Number of protein chains: 2
Amino acid sequence: MITLKGAAVSAKIKEQVDTLLTDLKGKTPKLAIVRIGERPDDLSYERGALKKMESFGLMGESFAFPQDITDEAFKEEFAKINENPDIDGILVLRPLPKQIKEKDIEHMIDPGKDLDGISPENIARVFAGDDTGFAPCTAEAVVEVLKANEIALTGKRVAIVGRSMVVGRPLSMLMLKENATVTICHTRTENLKETCKNAQILVAAAGRARMVDGSYVGKDAIVVDVGINVDKDGKLCGDVDFDSLEGTASMATPVPGGVGAVTTAVLARHLVSAALKK
Amino acid sequence: MITLKGAAVSAKIKEQVDTLLTDLKGKTPKLAIVRIGERPDDLSYERGALKKMESFGLMGESFAFPQDITDEAFKEEFAKINENPDIDGILVLRPLPKQIKEKDIEHMIDPGKDLDGISPENIARVFAGDDTGFAPCTAEAVVEVLKANEIALTGKRVAIVGRSMVVGRPLSMLMLKENATVTICHTRTENLKETCKNAQILVAAAGRARMVDGSYVGKDAIVVDVGINVDKDGKLCGDVDFDSLEGTASMATPVPGGVGAVTTAVLARHLVSAALKK
């Protein structure tokens, strides 16, 4: 079984970013990460994203607000970031605390700065197969992993486990754009194992630690693991039990070191695209 | 094999509309059908829709413009209809002629009047499984046919042939909302027959006359035909060869007399919902 490592994919995306940057003639695009509170997940993602921007020669700044900020105060601050001409792209770490009307933020964010595709405008474009907008970075990262490894998607049977707005739903549309035959599975799917086993490419994005093992995987299938979970021993793990795939899958992404590293690279590419479109 | 007739489903939707109308306290909602040119398809759909509004006790008016109207002139006229407080809902017959920037119209239309779900706002809601917006009427009609006939969707394997923005894509999201396991097939799908045969519910929305016959249908599957085509003898027909299903499908919708009749009933319900939300 071949391990599909994210680092190699990220390096390929960096080359694309380098090329795009030459068109910017010396201007360095700047990312704003908007965070409320101090959730460990958010802090970890923020660190990774800022580090990636730096290694890609881009700027990043964290805009952090207290957990109990009011909806009104947050919107005022968010509007400033949104309108700031020095900021080319925005990533809002979500979910936001309950007192913040997240739907309003989705409508407020400038679609041209909305690097993770949360605005209706960008969602509608992804849905329509129009790639002039921004898709959620994680969903796009899955397609990037496959493309970078020269895995053809046209006509392929792809099963996606999970139907979130961050991965499952947008990924189904990105896969459709690549002419794959897409099946979306979820907690209510009957015979999940059988459906997964029938896929030539299986994407696990259910958010449940190691729920997919070798018995879900068809002979020589390719497995992409989008999950980031902490198991009961406190160890980082994906939605796939990687070791159990030996002998069934032909290729698989590990966690950590798989899709995650690609997600922030996609974010970087989105940032440069946003700066170029301005 | 049971024939699932649209008339019975439409009658059920009329009961819902009657209930909704009592909340409007005597006000009669009004539909504007916006048409450019005199395409026979458009004229036929318009006649059907206006007749349905009348039979449901609603108002409808056609706003027709010459085939060669300029983009600027059309937008001016469209803005008037869009802003007219006496008009509760709008249906734009599409595709519009080439000189009209259809994307601009999708952005102009008031999402609250956008009964066929063409605005980014409504598309994004359908994508997110949020039913406070308007889904494309034809896609919703498919779900209505199944629900009215008490066909459970949770956990069911649904295959949709066709990935258009009018049926295939939005329907996949509506089916997902009903907890079905959805597979989206299209012209590039390999082993289309096999994939369709594996479905418990098969929806044909490919736009090709009688392309789906009994050999695509699993034992006791339910077949919904969204196609409206004219065959080489000038006869109206669907995407399904209805007669060939005998002995395999348990239920199927005919064409004409199937989904089409439900589409305009859904349009009527959307119109009353739009008037109520105002």
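Calculation notes
- As a convention, each chain's residues are numbered from 1 in the sequence order in which they are written.
- Chains and ligands are labelled sequentially in the order written, the chains with letters from A and the ligands with numbers from 1.
- This being a predicted model, a pLDDT of at least 70 is required before a residue's local features are given, and a value of 80 or more before pairs of side-chain atoms are given or counted; all residues contribute to the totals for chains, interfaces and linings.
- Each side-chain value is derived from all of the structure's non-hydrogen atoms; neither hydrogens nor water enter the calculation.
- Only residues with pLDDT of at least 70 in both copies contribute their C-alpha atoms to the least-squares superposition of the copies.
- Residue contacts are defined here by distance: any two heavy atoms, one from each residue, within 4.5 Å place the two residues in contact.
- UniProt positions are given in the numbering used here, feature names are shortened, and annotations may be inferred rather than shown by experiment.
- Under the scheme used here, helices are H or I runs from DSSP no shorter than 4 residues and strands are E runs no shorter than 2 residues, and both carry numbers assigned from the N terminus.
- When a residue's accessible area, from a 1.4 Å probe over protein chains only, is under 20% of the maximum for its type it is buried; when over 50% it is exposed; and in between it is partly exposed.
- Between Lys or Arg on one side and Asp or Glu on the other, a salt bridge is scored when a side-chain nitrogen of the former is within 4 Å of a carboxyl oxygen of the latter.
- As used in this record, nonpolar core signifies buried Ala, Val, Leu, Ile, Met, Phe, Trp, Tyr and Cys residues forming a set joined through side-chain atoms within 4.5 Å.
- Paired strands, as defined in this entry, are two strands with at least two bridges between them according to DSSP.
- Axes here refer to lines fitted to C-alpha atoms; in helices the fit is confined to the stretch in contact. Angles between the N-to-C directions go from 0 to 180 degrees.
- Accessible surface is computed with a 1.4 Å probe, and the buried area is the amount of it that two parts give up when combined, taken over both parts together.
- Between N or O atoms, a polar contact is any pair within 3.5 Å; within protein, one atom must be a potential hydrogen donor and the other a potential acceptor, and residues adjacent in sequence are included only when both atoms are from side chains.

### Structural notes on the relation of the copies chain B and chain A
Between chain B and chain A, which share one sequence, the superposing operator has a rotation angle of 180 degrees and an axial displacement of 0.0 Å; the RMSD is 0.0 Å. Put plainly, the chains are arranged around a two-fold axis. Proximity to the rotation axis, assessed at the C-alpha, singles out T183 of chain B in chain B; its C-alpha lies 2.0 Å from the axis. A shared binding surface is used by both copies, with 100% of the interface residues of chain B retained as interface residues in chain A.

### Concerning the UniProt feature "binding site: NADP(+)" (unreviewed entry) in chain A
All names here are of chain A. With numbering aligned to this structure, UniProt lists the feature "binding site: NADP(+)" (unreviewed entry) at G162, R163, S164 and I228. Excluding residues that lie within four positions of it along the chain, G162 makes contacts with G168, I184, C185, H186, A205 and A206. Position of I228 among the secondary structure elements: in the loop between β8 (222–225) and β9 (229–230). With a relative accessible area of 62%, I228 lands in the exposed category. Residues contacting I228, with those up to four places away along its chain left out, are L236 and C237.

### Here we look at the pattern of salt bridges
The final tally for this structure, using the stated rule, is 40 salt bridges over all chains. K80 of chain B serves as the salt-bridge partner of E77 of chain B, at 3.4 Å between the closest nitrogen and oxygen. In this pair, E77 of chain B and K80 of chain B are both assigned in helix α3 (residues 71–83), three residues apart and thus about one turn of the helix distant. One continuous salt-bridge network, built from bridges that share partners, spans D71, K75, K101 and D104 of chain A.

### Comments concerning the nonpolar core
Nonpolar side chains in soluble globular proteins tend to end up buried together. M175 of chain A together with M175 of chain B are the most contacted members of the largest nonpolar core, which totals 118 residues. Setting aside residues no more than four positions away along its own chain, M175 of chain A makes contact with V142, L146, L153, V158, I160, A180, V182 and V203 of chain A.

### Let's talk about the environment of S10 of chain A
Residues and elements named next belong to chain A. The residue S10 is located in helix α1 (residues 6–22) in this model. Since its relative accessible area comes to 6%, S10 is described here as buried. Here the alpha-carbon distance between S10 and T264, two residues 254 residues apart in the chain, equals 8.4 Å. Look past the residues within four positions of S10 in its chain and what remains in contact with it is K52, F56, A261 and A265.

### Some remarks on the sheet that holds strand β3 (residues 59–65) of chain A
In a beta sheet, neighbouring strands pair by backbone hydrogen bonds and run either parallel or antiparallel. Residue and element names in this part refer to chain A. Pairing in this open sheet of three strands is parallel, and the strands run β3-β2-β4 from one edge to the other. A strand with exactly one partner marks an edge of an open sheet, and here the two such strands are β3 and β4 (89–92). In this sheet, adjacent strand axes meet at a mean angle of 20 degrees when their direction is disregarded. Direction of pairing for strand β2 (residues 30–36) relative to β3: parallel, over a ladder of seven bridges. Bridged to R35 within β3 is A64.

### Brief notes about the interface of chain B and chain A
Counting from both sides, the interface comprises 33 residues of chain B and, opposite them, 33 residues of chain A. A buried area of about 3000 Å², summed over both sides, lies between chain B and chain A, and 56% of it is on carbon and sulfur atoms. Summed over the three residues of chain B that lose the most area to chain A, namely F127, R169 and L176 of chain B, the buried surface amounts to 22% of that side. Connecting chain B to chain A are zero salt bridges. On inspection of chain B and its partner chain A, the count reaches 15 residue pairs in polar contact (both at pLDDT 80 or more). Elements with a contribution of two residues or more to the side of chain B that touches chain A: α4 (102–108), α5 (120–128), α7 (168–177) and β6 (181–185) of chain B. It is α5 of chain B that contributes the most residues to the side of chain B that touches chain A, seven residues altogether.

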